[in-house]
Amino acid sequence: MSGPTAADLPPPLPEWAARPPHLVLRAVLALLFLAGLGTALTLLAPPPTGPAVRLALPPPLPDPAALLPYPPETARIANAAVPVEPPRAPAPAFRFASTDALAQARALDCLATAVWYEAGDDPSGERAVAQVVLNRARHPAFPASVCGVVFQGSERTTGCQFSFTCDGSLQTRHPGPAAWARARAVAAAALSGAVDPRVGLATHYHADYVVPVWRSGLVKLAQVGLHLFYRWPGDWGSPAVLRASAGAAEPRIAAMAALSPAHGGGEAVPTGLADAAGAAPGAVQPLAYLPIDEADGAAHPGGRSAALAAVPAAGPGAAGRIVLMLDPAAFPGTYAMRALAACAERERCAVVGELLGAAPGQGPGFVYLRDRRTGAEGAWWDCTALPRANPTRCLPRGSALTRMLADWG
């Protein structure tokens, strides 16, 4: 019987299999070690400097008209069942990207319009709405200007982000002078850096008696009045995504012309009837309705006049005059809001604000005057104690101040 031929023998083993088993094991262990070492080095590598924000495409914007068919009471029950996750920190203070006076005037009136039409004549609700608008103006998913945010989608009949901009409200109803002044004071404070910590980084809100389709994908932060406030989850709802500033180029909104001279087409921001009539500089003239505050904070140069100290402080018995004690550390725009509340519905009203801690005989720090019969209205601050960027908003001094207070009782 012959031995096996070459065809009967099994194929030769691969070269690595022909090696001793302990060498193969060492090779496998070495490969595993190198793979583990690479993973460990990756985990131990220092994180990149600054916050890591990984952003995909912007999330879809809410359609205010997309509501679930719930009656109001059912909607309130459904909304109350959603847990609240209070804001971890307030939003950063708003900062304008431009110092252009016209741009700031347009932004002020756009924001005031939004807070009044959305929250009514309620300063608490208006502050919350103002915070949402300014959060959006710094968020990459929205326009980079205040007016752009407020009027986003207004060219459509549906899908506008704020319904009053496309449902005809701007043509059919307007705020009264006092309500408009309060809304502008709230807007001015927000644009000057005042922050509403209750709503944090909220970019969305809705009334508690409706349930929007988009609600379930957001984080509920708070309820202020009838409104519920939300932010996006994840990176899109984080402070790292916000722009440093906004409002570089505020568009002119033709629909705002009836409320805002800054949107009326001219490039000059109106300051008062005295300027239009060509009155002598420094003359005290009745003011056709003027905004009672502006978004400013720069100091107005000049020292306190000795003549100002000679004006006696108004006493409680002065005819037709209301005296308020004011905190000099508070935001000056709040003085105007207090004055409006004190005047209530009086046709003719004069408010004199005394600063707490002022020296005896120092004179008023703030004056508000209104006469609805003539349309005259204005507010002035002592610019040496309460800096204003617009000198036309500074209290006159000497005999001019004396005449102004005497004329108004």
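Throughout, a residue's number is its position along its own chain's written sequence, starting from 1. In keeping with the predicted nature of the model, local features appear solely for residues at pLDDT of at least 70, side-chain atom pairs appear and are counted solely at 80 or more, and the whole-chain, interface and lining totals rest on all residues. In computing side-chain values, all of the structure's heavy atoms are included and hydrogens and water are not.

**Student:** I'm lost on the overall build of the protein in this one. Help?
**Tutor:** The number of helices and strands found in the protein is 11 helices and seven strands. Each residue gets one of three labels from its accessible area relative to the maximum for its type: buried under 20%, exposed over 50%, partly exposed in between, using a 1.4 Å probe on protein chains only. Among the 409 residues that make up the protein, the fraction classed as buried is 44%. Whether two residues are in contact is decided by their heavy atoms, any of which lying within 4.5 Å being enough. The long-range fraction of contacts in the protein, counting pairs at least 24 apart against all pairs at least 6 apart in sequence, stands at 73%. Accessibility throughout is a Shrake-Rupley quantity obtained with a 1.4 Å probe, and a residue counts as covered only by protein chains that appear here. For the protein, the accessible area works out to roughly 20,400 Å², and carbon and sulfur atoms hold 63% of it. Numbering of helices and strands runs from the N terminus; a helix is a DSSP stretch of H or I covering at least four residues, while a strand is a stretch of E covering at least two.

**Student:** Looking at this model, I keep getting lost on the nonpolar core. Mind explaining?
**Tutor:** Among the nonpolar cores identified, the biggest contains 58 residues, and F94, L111, V133, V146, L191 and F229 are the most heavily contacted of them. At 10 residues, helix α3 (residues 101–119) tops the list of elements feeding residues into this core. L111 has contacts with A130, V133, L134, V146, A187, A190 and L191, leaving out every residue within four places of it along the chain. As used in this record, nonpolar core signifies buried Ala, Val, Leu, Ile, Met, Phe, Trp, Tyr and Cys residues forming a set joined through side-chain atoms within 4.5 Å.

**Student:** Got a minute to help me understand the confidence of the model for the protein in this structure?
**Tutor:** Atom-level detail of predicted coordinates should not be read off regions where pLDDT is low. Summary statistics for the protein give a mean pLDDT of 76 and a share of 72% for residues scoring 70 or more. Note: pLDDT gives the predictor's confidence per residue, expressed from 0 to 100. Contacts for the low-pLDDT stretch residues 270–319, under 50 throughout, to residues beyond four places or in other chains number 107 contacts.

**Student:** Whenever I open this one, the packing of helix α4 (residues 123–137) against helix α7 (residues 177–191) confuses me. Can you help?
**Tutor:** Packed helices, taken two at a time, are described by the angle between their axes plus the distance between the axes. Note on definitions: angles span 0 to 180 degrees between N-to-C directions of axes, and those axes are lines fitted to C-alpha atoms, for helices only across the stretch in contact. Direction vectors running N to C along α4 and α7 enclose 45°, while the axes themselves pass 10 Å from each other. In terms of their interaxial angle, α4 and α7 are classed as oblique. In the crossing of α4 with α7, the sense of the turn from one axis to the other is right-handed. Contact residues: α4 offers P123, E126, R127, A130 and L134, while α7 offers R182, A183, V186, A190 and L191. For the contact of α4 with α7, the class distribution of residues is seven nonpolar, no polar and three charged. Convention used here: angles under 35 degrees read as roughly parallel, angles over 145 as roughly antiparallel, angles from 65 to 115 as roughly perpendicular, and any remaining angle as oblique. Handedness of each helix crossing follows the sense of rotation of the near helix against the far helix: counterclockwise by less than a right angle gives left-handed, clockwise gives right-handed. Residue classes follow a fixed rule: Ala, Val, Leu, Ile, Met, Phe, Trp, Tyr, Cys and Pro count as nonpolar, while Asp, Glu, Lys and Arg count as charged, and any other residue, Gly among them, counts as polar.

**Student:** How should I be thinking about the packing of α3 against α7 in this particular structure?
**Tutor:** In the contact formed by α3 and α7, the axes pass within 8 Å of each other and the chain directions differ by 120°. The angle between α3 and α7 falls in the class oblique. The two elements α3 and α7 meet at a crossing, and its hand is right-handed. Across from A107, L108, D109, L111, A112, T113, V115 and W116 in α3, the residues of α7 making contact are A179, W180, A183, R184, A187, A188, A190 and L191. Across the contact of α3 with α7, the residue classes break down as 13 nonpolar, one polar and two charged.

**Student:** I tried to follow the pattern of salt bridges on my own but got confused; where do I start?
**Tutor:** Side chains carrying opposite charge are able to pair once their charged atoms draw close together. Salt bridge, as used here, is a side-chain nitrogen of Lys or Arg placed within 4 Å of a carboxyl oxygen of Asp or Glu. Going through the model one piece at a time under the given rule, you end up with eight salt bridges. Put simply, E85 and R88 hold a salt bridge, and the shortest N to O gap is 3.4 Å. For the salt bridge of R231 with E85, the shortest nitrogen-to-oxygen distance reads 3.0 Å. You can see R231 sitting in strand β3 (residues 227–231) and its partner E85 sitting in the loop between α2 (72–80) and α3, a full 146 residues away along the chain.

**Student:** Which parts of the structure should I look at to understand the sheet that holds strand β1 (residues 204–207)?
**Tutor:** Adjacent strands of a sheet pair through backbone hydrogen bonds, lying either parallel or antiparallel. The pairing criterion for strands is at least two bridges between them, as found by DSSP. Taken in spatial order, the three strands line up as β1-β3-β2 in an open sheet, and their pairing is antiparallel. Only two strands of the sheet have a single partner each, and these edge strands are β1 and β2 (219–224). Direction aside, neighbouring strands of the sheet carry axes that sit 25° apart on average. Bridge count for β1 against β3 is four bridges, and the pairing is antiparallel. By the bridge assignment for β3, A207 is matched with H227.

**Student:** How should a nonpolar patch on the surface be read in this particular structure?
**Tutor:** Exposure above 30% relative accessible area and the absence of a salt bridge qualify a residue for a patch, where like charges join within 9 Å and nonpolar side chains (Val, Leu, Ile, Met, Phe, Trp, Tyr) within 5 Å. Residues L25, L29 and L32 make up a contiguous nonpolar surface patch of roughly 310 Å² in combined accessible area. Here L25 is to be found in helix α1 (residues 21–44).

**Student:** Would you mind going over the packing of aromatic side chains with me for this structure?
**Tutor:** Any aromatic ring pair is given by two values, namely how distant the centres are and how the planes are angled relative to each other. Within 6.5 Å between ring centres, the rings of Phe, Tyr and Trp (the latter by its six-membered ring) count as paired, and their orientation is classed by plane angle as stacked under 30 degrees, edge-to-face over 60, tilted in between. In total, this model carries 12 aromatic pairs according to the counting rule given. When the ring of F162 is compared with that of Y205, the centres are 6.4 Å apart and the planes differ by 50°; the resulting orientation is tilted. With F162 in the loop between α5 (146–150) and α6 (169–172) and Y205 in strand β1, this residue pair connects regions lying 43 residues apart in the sequence. The two residues F162 and Y205 agree in class, both being buried. Among the aromatic residues, those joined into a ring-pair cluster are W116, Y117, F151, F162, F164, Y205 and F229.

**Student:** Help me out: how do you make sense of helix α11 (residues 399–407) in this one?
**Tutor:** Every α-helix carries 3.6 residues per turn, so stepping three or four residues along brings you back to the same face. Looking only at α11, the buried set comprises A400, L401, M404 and L405. One face of α11 carries all of its buried residues, which in axial projection span an arc of 125°. In α11, those exposed residues whose orientation departs by more than 90 degrees from the buried face are A406 and D407. Relevant arc is that of directions from the helix axis to the C-beta atoms, nothing else.

**Student:** Would you mind going over the sheet that holds strand β7 (residues 376–381) with me for this structure?
**Tutor:** The mixed open sheet is built from four strands, whose spatial order is β4-β5-β6-β7. The sheet is open, and its two borders are formed by β4 (321–326) and β7, each paired with just one other strand. The average undirected angle you get between the axes of adjacent strands in this sheet is 10°. Lying on the sheet, α11 is in contact with β4, β5 (348–355), β6 (366–371) and β7; it crosses β6 at an angle near 45°.

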